[in-house]
Amino acid sequence: MLLNGWLLLLVIGSGCVSSSSAVGSFSSTSVTSNSNSGGGSGSNNGLYAFDPTRHYSEVPISLQSGIGKIAKRKWDQARSLAVLEQAVEDYNAEIVATAPDAVSAISYRRLIALPLDERFDPPMGVFSHGHVQTGDKMSLPACFWPAIQKSGAEVPWLFEVSRISDVTGERAIFGEKEHDDDDVDPGLNRVVGGAIDFRSPSNYVFLPRWMMLALALKPRDVVDVRLKQDVPSGSAVQLRPHTTEFTKIANHQAVLETELKHYSALTRGSTIPFDYNKQRYYFDVVDLRSAPRGEKVPMAKVQDCDIAAEFVRPKDQLQKKQQRANNKKNHDNETDSDDDES
(Lines give C-alpha, C1' and ligand atoms only; values in the text may rest on other atoms or scores of the structure.)
Protein backbone atom coordinates (compact mmCIF):
# COMPACT_ATOMS: atom_id res chain seq x y z
CA MET A 1 0.00 0.00 0.00
CA LEU A 2 2.82 2.38 0.91
CA LEU A 3 4.64 1.60 -2.36
CA ASN A 4 1.48 2.36 -4.35
CA GLY A 5 1.25 5.72 -2.61
CA TRP A 6 4.80 6.64 -3.55
CA LEU A 7 4.23 5.58 -7.17
CA LEU A 8 1.11 7.75 -7.34
CA LEU A 9 3.12 10.69 -6.06
CA LEU A 10 5.75 10.08 -8.73
CA VAL A 11 3.12 10.03 -11.46
CA ILE A 12 1.62 13.29 -10.22
CA GLY A 13 5.03 14.95 -10.08
CA SER A 14 5.98 13.75 -13.55
CA GLY A 15 2.68 14.91 -15.01
CA CYS A 16 2.97 18.38 -13.55
CA VAL A 17 6.31 18.95 -15.26
CA SER A 18 5.36 17.39 -18.58
CA SER A 19 6.04 20.65 -20.42
CA SER A 20 9.73 20.14 -19.68
CA SER A 21 9.89 17.78 -22.64
CA ALA A 22 9.60 20.83 -24.89
CA VAL A 23 12.82 22.34 -23.60
CA GLY A 24 14.74 20.75 -26.48
CA SER A 25 18.33 21.76 -27.03
CA PHE A 26 18.32 24.19 -24.11
CA SER A 27 18.00 21.36 -21.58
CA SER A 28 21.67 20.45 -21.89
CA THR A 29 22.96 23.98 -22.29
CA SER A 30 25.02 25.57 -19.56
CA VAL A 31 23.26 28.73 -18.46
CA THR A 32 24.65 31.56 -16.38
CA SER A 33 22.94 34.77 -15.36
CA ASN A 34 24.14 38.31 -15.91
CA SER A 35 22.91 40.29 -12.94
CA ASN A 36 24.31 43.53 -14.34
CA SER A 37 21.93 43.64 -17.31
CA GLY A 38 18.69 45.56 -17.51
CA GLY A 39 15.23 44.68 -18.77
CA GLY A 40 14.34 42.46 -15.87
CA SER A 41 16.49 42.64 -12.79
CA GLY A 42 15.90 39.10 -11.76
CA SER A 43 13.93 39.67 -8.56
CA ASN A 44 11.13 37.72 -10.29
CA ASN A 45 8.54 39.39 -8.10
CA GLY A 46 8.16 36.38 -5.85
CA LEU A 47 5.70 34.06 -7.58
CA TYR A 48 7.21 34.53 -11.05
CA ALA A 49 10.21 32.39 -10.17
CA PHE A 50 11.06 28.87 -11.30
CA ASP A 51 14.39 27.51 -10.13
CA PRO A 52 15.99 25.89 -13.22
CA THR A 53 18.98 24.61 -11.25
CA ARG A 54 16.78 22.10 -9.47
CA HIS A 55 15.20 20.94 -12.70
CA TYR A 56 18.49 20.61 -14.60
CA SER A 57 20.59 19.10 -11.82
CA GLU A 58 23.74 17.55 -13.32
CA VAL A 59 23.63 14.73 -10.74
CA PRO A 60 20.44 12.71 -11.27
CA ILE A 61 18.88 10.98 -8.32
CA SER A 62 18.76 7.22 -8.88
CA LEU A 63 16.69 4.55 -7.16
CA GLN A 64 19.73 3.88 -4.99
CA SER A 65 19.18 7.29 -3.42
CA GLY A 66 15.87 6.08 -2.09
CA ILE A 67 12.37 6.41 -3.48
CA GLY A 68 11.56 9.03 -0.87
CA LYS A 69 14.23 11.41 -2.16
CA ILE A 70 13.09 10.87 -5.76
CA ALA A 71 9.50 11.59 -4.82
CA LYS A 72 10.44 14.71 -2.86
CA ARG A 73 12.45 16.07 -5.78
CA LYS A 74 9.57 15.43 -8.18
CA TRP A 75 7.15 17.02 -5.76
CA ASP A 76 9.31 20.14 -5.29
CA GLN A 77 9.66 20.58 -9.05
CA ALA A 78 5.94 20.12 -9.64
CA ARG A 79 5.01 22.53 -6.86
CA SER A 80 7.44 25.20 -8.11
CA LEU A 81 6.06 24.95 -11.63
CA ALA A 82 2.45 24.91 -10.41
CA VAL A 83 3.02 28.13 -8.41
CA LEU A 84 4.53 29.79 -11.50
CA GLU A 85 1.66 28.69 -13.75
CA GLN A 86 -0.93 29.87 -11.23
CA ALA A 87 0.72 33.29 -10.94
CA VAL A 88 0.63 33.70 -14.73
CA GLU A 89 -2.96 32.41 -14.88
CA ASP A 90 -4.08 34.90 -12.21
CA TYR A 91 -2.40 37.80 -14.01
CA ASN A 92 -4.05 36.89 -17.31
CA ALA A 93 -7.44 36.62 -15.60
CA GLU A 94 -6.92 40.18 -14.37
CA ILE A 95 -6.13 41.30 -17.92
CA VAL A 96 -9.44 39.89 -19.12
CA ALA A 97 -11.39 41.35 -16.19
CA THR A 98 -10.01 44.88 -16.54
CA ALA A 99 -9.76 45.16 -20.34
CA PRO A 100 -11.66 48.12 -21.80
CA ASP A 101 -13.03 46.05 -24.71
CA ALA A 102 -13.25 42.50 -26.03
CA VAL A 103 -10.28 42.84 -28.39
CA SER A 104 -7.97 44.18 -25.68
CA ALA A 105 -8.93 41.24 -23.46
CA ILE A 106 -7.45 38.72 -25.89
CA SER A 107 -4.65 40.71 -27.59
CA TYR A 108 -2.20 40.60 -24.70
CA ARG A 109 -0.98 37.83 -22.41
CA ARG A 110 1.73 37.19 -19.84
CA LEU A 111 3.28 33.85 -20.80
CA ILE A 112 5.95 31.33 -19.80
CA ALA A 113 8.60 31.05 -22.51
CA LEU A 114 9.99 27.73 -23.73
CA PRO A 115 12.18 27.05 -26.78
CA LEU A 116 10.58 25.89 -30.00
CA ASP A 117 11.85 22.60 -31.43
CA GLU A 118 11.34 20.41 -34.48
CA ARG A 119 8.16 18.90 -33.09
CA PHE A 120 6.46 22.16 -34.10
CA ASP A 121 7.58 21.77 -37.72
CA PRO A 122 4.51 22.14 -39.99
CA PRO A 123 3.70 19.34 -42.46
CA MET A 124 5.36 19.20 -45.87
CA GLY A 125 3.69 21.60 -48.24
CA VAL A 126 3.21 24.29 -45.60
CA PHE A 127 5.41 27.32 -46.25
CA SER A 128 7.25 27.24 -42.91
CA HIS A 129 8.10 23.53 -43.15
CA GLY A 130 11.77 22.98 -42.33
CA HIS A 131 12.21 26.53 -41.01
CA VAL A 132 11.34 26.22 -37.33
CA GLN A 133 14.67 27.76 -36.29
CA THR A 134 15.36 29.80 -39.44
CA GLY A 135 12.29 32.00 -39.31
CA ASP A 136 10.52 34.31 -36.88
CA LYS A 137 7.48 32.14 -36.16
CA MET A 138 6.41 31.27 -32.60
CA SER A 139 3.75 28.93 -31.20
CA LEU A 140 1.06 30.89 -29.35
CA PRO A 141 -1.99 30.08 -27.20
CA ALA A 142 -5.33 29.78 -28.96
CA CYS A 143 -6.63 33.11 -27.59
CA PHE A 144 -4.55 35.07 -30.09
CA TRP A 145 -6.42 33.65 -33.08
CA PRO A 146 -9.76 35.33 -32.19
CA ALA A 147 -7.74 38.46 -31.37
CA ILE A 148 -6.59 38.56 -35.00
CA GLN A 149 -10.13 37.98 -36.26
CA LYS A 150 -11.84 40.53 -34.02
CA SER A 151 -9.19 43.23 -34.45
CA GLY A 152 -9.10 42.91 -38.23
CA ALA A 153 -5.30 42.75 -38.14
CA GLU A 154 -3.69 42.76 -41.56
CA VAL A 155 -1.20 40.20 -42.82
CA PRO A 156 1.49 39.66 -41.69
CA TRP A 157 0.15 39.02 -38.19
CA LEU A 158 2.89 40.18 -35.85
CA PHE A 159 3.45 39.68 -32.12
CA GLU A 160 5.84 41.49 -29.83
CA VAL A 161 7.64 39.44 -27.15
CA SER A 162 9.16 41.54 -24.38
CA ARG A 163 11.00 41.12 -21.13
CA ILE A 164 9.27 42.43 -17.99
CA SER A 165 11.15 44.54 -15.49
CA ASP A 166 11.35 42.82 -12.07
CA VAL A 167 9.52 39.74 -13.40
CA THR A 168 11.59 38.14 -16.18
CA GLY A 169 14.63 36.33 -14.79
CA GLU A 170 18.16 37.70 -14.99
CA ARG A 171 19.61 37.87 -18.47
CA ALA A 172 21.14 34.51 -19.38
CA ILE A 173 24.36 33.74 -21.21
CA PHE A 174 24.52 30.30 -22.79
CA GLY A 175 27.83 28.52 -22.34
CA GLU A 176 27.54 25.86 -25.06
CA LYS A 177 27.66 27.60 -28.41
CA GLU A 178 25.59 26.77 -31.45
CA HIS A 179 27.46 29.54 -33.21
CA ASP A 180 30.40 31.78 -32.32
CA ASP A 181 28.41 34.46 -30.52
CA ASP A 182 25.97 32.50 -28.36
CA ASP A 183 27.72 33.96 -25.32
CA VAL A 184 27.18 37.57 -26.47
CA ASP A 185 24.03 39.19 -25.09
CA PRO A 186 22.66 41.66 -27.68
CA GLY A 187 20.84 43.48 -24.87
CA LEU A 188 17.42 43.45 -26.52
CA ASN A 189 14.29 43.73 -24.37
CA ARG A 190 11.78 43.07 -27.14
CA VAL A 191 11.56 41.32 -30.49
CA VAL A 192 8.81 40.88 -33.04
CA GLY A 193 7.74 37.86 -35.07
CA GLY A 194 4.87 35.89 -36.56
CA ALA A 195 2.95 32.76 -35.58
CA ILE A 196 3.73 29.21 -36.66
CA ASP A 197 0.50 27.99 -35.01
CA PHE A 198 -1.94 28.69 -32.18
CA ARG A 199 -1.72 25.37 -30.33
CA SER A 200 0.57 26.27 -27.47
CA PRO A 201 -0.80 25.30 -24.03
CA SER A 202 -2.55 28.08 -22.17
CA ASN A 203 -0.08 30.49 -20.52
CA TYR A 204 2.89 29.26 -22.61
CA VAL A 205 4.71 30.56 -25.68
CA PHE A 206 7.34 28.62 -27.66
CA LEU A 207 10.05 30.75 -29.29
CA PRO A 208 12.73 29.96 -31.90
CA ARG A 209 16.22 29.70 -30.46
CA TRP A 210 17.43 33.01 -31.88
CA MET A 211 14.60 34.83 -30.06
CA MET A 212 15.51 33.17 -26.75
CA LEU A 213 19.11 34.30 -27.29
CA ALA A 214 18.13 37.81 -28.39
CA LEU A 215 16.13 38.34 -25.18
CA ALA A 216 18.64 36.36 -23.05
CA LEU A 217 15.84 34.09 -21.81
CA LYS A 218 16.09 30.85 -19.89
CA PRO A 219 13.38 28.19 -20.25
CA ARG A 220 10.34 29.17 -18.16
CA ASP A 221 11.22 32.85 -17.95
CA VAL A 222 8.05 34.95 -17.99
CA VAL A 223 7.47 37.39 -20.86
CA ASP A 224 4.73 39.64 -22.22
CA VAL A 225 3.27 38.86 -25.66
CA ARG A 226 0.91 41.20 -27.50
CA LEU A 227 -0.60 41.48 -30.96
CA LYS A 228 1.40 44.20 -32.70
CA GLN A 229 -0.34 46.21 -35.45
CA ASP A 230 1.85 49.31 -35.67
CA VAL A 231 5.07 47.84 -37.08
CA PRO A 232 6.00 49.93 -40.15
CA SER A 233 6.78 48.42 -43.52
CA GLY A 234 10.48 48.22 -44.22
CA SER A 235 12.26 49.91 -47.10
CA ALA A 236 15.87 48.84 -46.45
CA VAL A 237 17.83 46.48 -44.22
CA GLN A 238 21.56 46.06 -43.62
CA LEU A 239 22.78 42.61 -42.59
CA ARG A 240 26.23 41.67 -41.34
CA PRO A 241 27.20 38.04 -42.14
CA HIS A 242 29.18 36.37 -39.37
CA THR A 243 31.52 34.72 -41.87
CA THR A 244 32.83 35.54 -45.34
CA GLU A 245 31.79 32.03 -46.43
CA PHE A 246 28.27 33.24 -47.19
CA THR A 247 29.48 36.03 -49.47
CA LYS A 248 31.46 33.46 -51.46
CA ILE A 249 28.22 31.78 -52.58
CA ALA A 250 27.82 32.68 -56.23
CA ASN A 251 24.17 33.73 -55.93
CA HIS A 252 24.24 34.87 -52.29
CA GLN A 253 21.97 37.88 -52.93
CA ALA A 254 19.28 35.59 -54.37
CA VAL A 255 19.72 33.21 -51.41
CA LEU A 256 19.25 36.14 -49.05
CA GLU A 257 16.03 37.24 -50.73
CA THR A 258 14.67 33.67 -50.67
CA GLU A 259 15.49 33.05 -46.99
CA LEU A 260 14.16 36.44 -45.87
CA LYS A 261 10.70 35.27 -46.96
CA HIS A 262 10.60 33.13 -43.81
CA TYR A 263 10.73 36.27 -41.67
CA SER A 264 7.60 38.40 -41.34
CA ALA A 265 9.53 41.19 -39.63
CA LEU A 266 12.99 42.01 -38.34
CA THR A 267 14.28 43.57 -35.11
CA ARG A 268 17.37 45.77 -35.21
CA GLY A 269 20.17 44.35 -33.06
CA SER A 270 19.04 40.73 -33.34
CA THR A 271 20.98 37.87 -34.95
CA ILE A 272 18.98 35.73 -37.37
CA PRO A 273 19.92 32.38 -38.99
CA PHE A 274 19.57 31.19 -42.59
CA ASP A 275 20.10 27.68 -43.93
CA TYR A 276 21.62 27.06 -47.34
CA ASN A 277 23.07 23.89 -48.82
CA LYS A 278 22.90 22.09 -45.43
CA GLN A 279 24.86 24.81 -43.67
CA ARG A 280 23.59 27.43 -41.22
CA TYR A 281 24.68 31.05 -41.53
CA TYR A 282 24.12 33.87 -39.06
CA PHE A 283 23.48 37.56 -39.73
CA ASP A 284 23.30 40.61 -37.47
CA VAL A 285 20.47 43.00 -38.28
CA VAL A 286 22.56 46.18 -38.30
CA ASP A 287 20.09 48.73 -39.63
CA LEU A 288 16.39 48.97 -40.53
CA ARG A 289 14.64 51.71 -42.48
CA SER A 290 10.90 52.23 -42.81
CA ALA A 291 8.88 53.09 -45.89
CA PRO A 292 8.35 55.54 -47.45
CA ARG A 293 10.65 58.05 -45.72
CA GLY A 294 13.56 55.79 -44.88
CA GLU A 295 13.51 56.58 -41.15
CA LYS A 296 15.59 54.42 -38.80
CA VAL A 297 13.28 52.09 -36.84
CA PRO A 298 13.75 49.34 -34.21
CA MET A 299 11.36 46.96 -36.00
CA ALA A 300 10.08 46.67 -39.55
CA LYS A 301 7.94 44.36 -41.64
CA VAL A 302 9.75 42.57 -44.45
CA GLN A 303 6.90 40.37 -45.70
CA ASP A 304 4.95 41.76 -48.67
CA CYS A 305 7.31 44.75 -48.79
CA ASP A 306 9.58 46.12 -51.50
CA ILE A 307 12.67 46.10 -49.28
CA ALA A 308 16.28 46.60 -50.34
CA ALA A 309 18.65 44.23 -48.54
CA GLU A 310 22.40 44.78 -48.51
CA PHE A 311 25.41 43.28 -46.75
CA VAL A 312 28.01 45.13 -44.72
CA ARG A 313 31.51 43.81 -43.98
CA PRO A 314 31.37 40.30 -42.47
CA LYS A 315 32.01 39.97 -38.76
CA ASP A 316 35.03 37.71 -39.12
CA GLN A 317 36.74 40.34 -41.28
CA LEU A 318 36.07 42.98 -38.62
CA GLN A 319 37.50 40.69 -35.97
CA LYS A 320 40.66 40.11 -38.04
CA LYS A 321 41.02 43.86 -38.57
CA GLN A 322 40.61 44.49 -34.85
CA GLN A 323 43.13 41.76 -34.06
CA ARG A 324 45.70 43.33 -36.41
CA ALA A 325 45.10 46.71 -34.78
CA ASN A 326 45.58 45.23 -31.32
CA ASN A 327 48.76 43.46 -32.40
CA LYS A 328 50.14 46.70 -33.85
CA LYS A 329 49.25 48.58 -30.66
CA ASN A 330 50.98 45.97 -28.51
CA HIS A 331 54.04 46.04 -30.77
CA ASP A 332 54.20 49.85 -30.56
CA ASN A 333 53.91 49.71 -26.77
CA GLU A 334 56.75 47.17 -26.57
CA THR A 335 58.91 49.37 -28.83
CA ASP A 336 58.26 52.43 -26.67
CA SER A 337 59.13 50.43 -23.57
CA ASP A 338 62.43 49.30 -25.09
CA ASP A 339 63.27 52.90 -26.01
CA ASP A 340 62.61 54.05 -22.46
CA GLU A 341 64.90 51.37 -21.03
CA SER A 342 67.73 52.33 -23.35
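Residues numbered from 1 in each chain as written. Predicted model: local features only at pLDDT ≥ 70, side-chain atom pairs only at ≥ 80, totals over all residues. Heavy atoms only, no water.

**Student:** It is not clear to me how the overall build of the protein should be interpreted in this structure. Could you clarify?
**Tutor:** Across its full length, the protein carries eight helices and 14 strands. Within the protein, the proportion of its 342 residues that are buried is 44%. A separation threshold of at least 6 residues defines the contact pool for the protein, and within that pool the share at least 24 residues apart is 80%. For the protein, the accessible area works out to roughly 17500 Å², and carbon and sulfur atoms hold 51% of it. (Helix = DSSP H or I, 4+ residues; strand = E, 2+ residues; numbered from the N terminus. Buried < 20%, exposed > 50% of the residue type's maximum accessible area, 1.4 Å probe, protein only. Contact = heavy atoms within 4.5 Å. Areas by Shrake-Rupley, 256 points an atom, 1.4 Å probe, with all protein chains shown as cover.)

**Student:** How should I be thinking about the packing of aromatic side chains in this particular structure?
**Tutor:** The full count for this structure, using the stated rule, is 12 aromatic pairs. Centre to centre, the rings of Phe246 and Phe283 are 4.8 Å apart; their planes meet at 85 degrees, and the pair counts as edge-to-face. Taken as a pair, Phe246 in the loop between strand 9 (234-241) and helix 7 (252-260) and Phe283 in strand 12 (residues 279-290) lie far apart in primary sequence, 37 residues in all. Here the two residues Phe246 and Phe283 agree in accessibility, since each one is buried. (Phe/Tyr/Trp six-rings, centres within 6.5 Å; stacked < 30°, edge-to-face > 60°.)

**Student:** Hey, could you run me through the pairing of strand 2 (residues 108-115) in this one?
**Tutor:** Working note: regular strand, side chains alternate between the two faces of the sheet. Along strand 2, eight of the eight residues are buried, which leaves the element largely enclosed by surrounding structure. As defined by bridge partners, strand 2 adjoins strand 8 (residues 222-228) across five bridges and the pair is classed as antiparallel. Bridge assignment links Tyr108 to a residue of strand 8, and that residue is Arg226. Bridge analysis of strand 2 against strand 7 (residues 204-207) gives four bridges, and the strand direction is parallel. Among the inter-strand pairings, Pro115 is bridged to a residue of strand 7, identified as Leu207. (Pairing = 2+ DSSP bridges.)

**Student:** Looking at this structure, I do not really get helix 3 (residues 67-98). What am I missing?
**Tutor:** What sets the pattern is the α-helix's 3.6 residues per turn: residues three or four places apart point alike. With 32 residues, helix 3 extends 46 Å between its outermost C-alpha atoms, agreeing within 8% with the 46 Å of an ideal straight helix rising 1.5 Å per residue. Those residues of helix 3 that fall on the buried side of the exposure criterion are Ile70, Ala71, Gln77, Ala78, Ser80, Leu81, Leu84, Ala87, Val88, Asn92 and Ile95. (Expected span 1.5 Å × (residues − 1).)

**Student:** Got a minute to help me understand the sheet that holds strand 11 (residues 271-276) in this structure?
**Tutor:** In sheet architecture, strand pairing relies on hydrogen bonds along the backbone and comes in two forms, parallel and antiparallel. Ordered by their spatial adjacency, four strands build an open sheet running 11-12-9-14, and the pairing between neighbours is mixed. Of all strands in the sheet, those bounded by a partner on one side alone are strand 11 and strand 14 (308-311). Looking at each pair of strands side by side, their axes are set apart by 35 degrees on average, direction ignored. As paired strands, strand 9 and strand 12 are joined by seven bridges and run antiparallel to one another. Within strand 12, the residue paired with Pro241 across the bridge is Phe283. Packed on one face of the sheet, helix 7 meets strand 9, strand 11 and strand 14 and runs near 125 degrees to strand 14. (Axes fitted to C-alpha atoms, helices over the stretch in contact; angles between N-to-C directions.)

**Student:** Just checking my understanding: could you explain the pattern of salt bridges for this structure?
**Tutor:** Pairing between side chains becomes possible if they bear opposite charge and their charged atoms approach one another. Counted according to the given criterion, the structure contains 16 salt bridges. Ionic pairing is found between Arg110 and Asp224, a salt bridge with its closest N-O pair at 3.0 Å. One end of the pair, Arg110, is in strand 2; the other, Asp224, is in strand 8, and 114 residues separate them in sequence. Accessibility assignment for this pair places Arg110 and Asp224 in one class, buried. In this structure, Arg289 and Asp287 form a salt bridge, with 2.8 Å as the shortest nitrogen-oxygen distance. Linked by salt bridges that have partners in common, Glu160, Arg190, Lys228 and Asp230 make up one network. (Salt bridge = Lys/Arg side-chain N within 4 Å of Asp/Glu carboxyl O.)

**Student:** Before we go on, may I ask you to explain the environment of Asp306 in this structure?
**Tutor:** Mapped onto the secondary structure, Asp306 falls in the loop between strand 13 (299-301) and strand 14. In the structure, Asp306 is positioned 72 residues away from Gly234 in sequence and 7.6 Å away in space, judged by C-alpha atoms. In this structure, Asp306 is in contact with Gly234 and Ser235, ignoring residues within four places of it in sequence.

**Student:** What am I meant to see in the nonpolar core here?
**Tutor:** Considering soluble globular proteins, one finds that nonpolar side chains tend to be buried as a cluster. Grouped together as the largest cluster of nonpolar side chains are 46 residues, with contacts concentrated most on Val205, Leu207, Val225 and Leu266. Beyond its immediate chain neighbours, meaning those up to four positions away, Leu266 contacts Val192, Val237, Leu260, Ile272, Val285, Leu288, Pro298, Met299, Ala300 and Val302. Counting 16 residues, the second largest nonpolar core, distinct from the first, contains Leu84, Phe120, Ile164 and Val167. (Core = buried A, V, L, I, M, F, W, Y, C linked by side-chain atoms within 4.5 Å.)

**Student:** Could you clarify how one ought to interpret the environment of Lys150 in this entry?
**Tutor:** Inspection of the secondary structure puts Lys150 in helix 5 (residues 144-151). We classify Lys150 as exposed; its relative accessible area is 56%. Placed 47 residues apart in sequence, Lys150 and Val103 show a C-alpha to C-alpha distance of 6.3 Å. For Lys150, the contacting residues outside a window of four places in its chain are Val103 and Ile106.

**Student:** Looking at this model, I keep getting lost on the pairing of strand 11. Mind explaining?
**Tutor:** When strand 11 meets strand 12, the two strands line up antiparallel, connected through six bridges. Across the sheet, residue Phe274 finds its bridge partner in strand 12, namely Tyr281.

**Student:** What am I meant to see in unusual backbone geometry here?
**Tutor:** Leave glycine aside and you will find that most residues have negative phi; peptide bonds, for their part, are mostly trans. Put simply, Val155 and Pro156 share a cis peptide bond, and its omega is 0 degrees. Mapped onto the secondary structure, Pro156 falls in the loop between helix 5 and strand 4 (158-162). The backbone phi angle of Arg220 is positive, close to 75 degrees, even though this residue is not glycine. Its location among the elements puts Arg220 in the loop between helix 6 (209-214) and strand 8. A positive phi is found at Lys278, a non-glycine position, where the angle reads about 65 degrees. Considering the arrangement of structural elements, one finds Lys278 in the loop between strand 11 and strand 12.

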